[in-house]
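If you want the building blocks of each chain, they are given just below.
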Amino acid sequence: TERVNPHSRPIVSYYFPKGVGEHHYGERHPMKPHRLSLTNALVMGYGLDKQIHHIYNPRPATREELEVYHDPQYIDFLSKVTPANQDDTKHLIDTFNCVEDCPIFADMFEFCKMYAGASLAGARKLSAGTTDTAINWSGGLHHAKRGEANGFCYVNDAVLAILEMLKYHPRVLYIDIDIHHGDGVELAFYHSNRVMTVSFHKYTGDFFPGTGKLDDNGAGLGKHFCINVPLQDGVDDDMYLTVFKTVIGDTIVLQCGADSLGLDRLGAFNLSIAAHGECVNYVRTFGVPLLVVGGGGYTVKNVSRCWAYETAVLVGADIPDTLPATVYDAFFADSGWKLHPPLTGKVDNLNSPAGLQRITMSIREKLRYLGG
Ligand code: TV7
Ligand code: CA
Ligand code: ZN
């Protein structure tokens, strides 16, 4: 099935579950699914739909599909709990961690089935060999555990998609450029030598979720098949791309959390949209089947700029820096309707060249061990 030529244009499939952007976590909650509607409006506004081969409104995942990874009792709870009845099941809400970061909101289970269904549809199409690249910006909810919600994530679509791809591919490489550690995906495959997980993240004493140190490298059969790149505030384009380009692989799932951009409401890195997109472009040139999912990103206007730009990168289209007119024009006035507003240099870079050198050398050593 490895029939992708990096020099020709890949076949790209784009998954947008209709209505996914109309869900609300709650007024003050930083996760805004509305960013998905903005992203889709920019993709269509740029006319990228004409360059994308297939556009799908995928069916929601079924319970059975979610239970391939998740605990049936947890899925049963998600299917039944509502804002109206949540007071009757206080103990279960605590058991399954559906508090504060992961509130119970209206049609929450529909939202979960939508974003997971889209990643699964992409994984199936890649496995069937009928697309080279599959994009689901509503996915990438990488913190969800087998039986527990965590960090704005309820079901782990990345884990489900990888499990689907493992039916047909001997190995999968998971790369995570969200500013948070991809702990849920790492945990699911920590003992597996068929899935290599690589996460780039902010790693300091108190930053969520607190895991992902350089020396966490997998266990049992999975020893050496887990890579963590712990970074400090303010990491810039040059440093990030240098470290990023030490990675290699097979079938790939790329989580593109946009909270690693400069000026993110929750993040503290200094990346431009161009550099974030260069990570996507670099992975694209490997010419292997690629599932691209979203993830974090809390400055909504920049998340949608970034993912629209990366959609263009993935289809191999050049798009102008002036944004197309959409119904969301008011969101983009800040930059005079530009795709690439200045985002960098606002946070001090606390990463020293020596510290980064230490990380890069340590990872080169591990990759050499794998013969990669
Ligand atoms: C993939 N940071 C998810 C990233 C998940 C980050 C956190 C918040 C937050 C939650 C809110 C809120 C917030 C302004 C920010 C230790 C706590 C502190 C809850 C109030 N405002 C992804 C999860 C992270 C919820 N959690 O990787 C409702 O920030 O740091 C924590 C944990 C305990 C719980 N409290 C926060 O990007 C998609 N939460 C406002 C309202
Ligand atoms: Ca990450
Ligand atoms: Zn994040």
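Since this is a predicted model, take the numbers as computed values, not measurements.

*Asks:* Tell me about the sheet that holds strand β3 (residues 133–136), residues and numbers included.
*Replies:* Spatially, eight strands are ordered β2-β1-β3-β8-β7-β4-β5-β6 in an open sheet, and the strand pairing comes out parallel. Each edge of the open sheet carries a strand with a single partner, namely β2 (54–56) and β6 (226–231). Strand-to-strand, the axes of this sheet are offset by a mean angle of 10°, without reference to chain direction. With five bridges joining them, strand β4 (residues 172–176) and strand β7 (residues 251–255) adopt parallel strand pairing. Considered in β7, the bridge of Tyr 174 is made with Val 253. Across the face of the sheet, helix α9 (residues 273–284) comes into contact with β4, β7 and β8 (290–293) while running at roughly 170° to β7.

*Asks:* Tell me what's going on with the coordination of the calcium ion (ligand 2), and back it up with residues and numbers.
*Replies:* Within the protein, Asp 176 (O), Asp 176 (OD), Asp 178 (O), His 180 (O), Ser 199 (OG) and Phe 200 (O) serve as the donor atoms for the calcium ion (ligand 2), at 2.4 to 3.0 Å. Here the calcium ion (ligand 2) binds six donor atoms, and the angle range of 69 to 165° at the metal identifies the geometry as irregular.

*Asks:* Lay out the pairing of β7 in plain terms, naming residues and giving numbers.
*Replies:* In terms of burial, β7 is a largely internal element, five of the five residues being buried. The two faces of β7 match: Thr 251, Val 253 and Gln 255 on one face and Ile 252 and Leu 254 on the other face are all buried. Where β7 meets β8, four bridges bridge the pair, whose relative direction is parallel. Looking across to β8, one finds that Ile 252 is bridged to Leu 290. The parallel pair β7 and β8, bridged by α9, forms a crossover whose chirality is right-handed.

Rules used throughout
Residues numbered from 1 in each chain as written. Chains lettered and ligands numbered in written order. Predicted model: local features only at pLDDT ≥ 70, side-chain atom pairs only at ≥ 80, totals over all residues. Heavy atoms only, no water. Pairing = 2+ DSSP bridges. Helix = DSSP H or I, 4+ residues; strand = E, 2+ residues; numbered from the N terminus. Axes fitted to C-alpha atoms, helices over the stretch in contact; angles between N-to-C directions. Contact = heavy atoms within 4.5 Å. Donors = N, O, S within 2.8 Å, 3.2 Å for Na, K, Ca; no water. Tetrahedral: all angles 85-135°; square planar, octahedral: opposite > 155°, others 65-115°. Buried < 20%, exposed > 50% of the residue type's maximum accessible area, 1.4 Å probe, protein only. Right-handed = clockwise from strand over helix to strand, strands pointing away.

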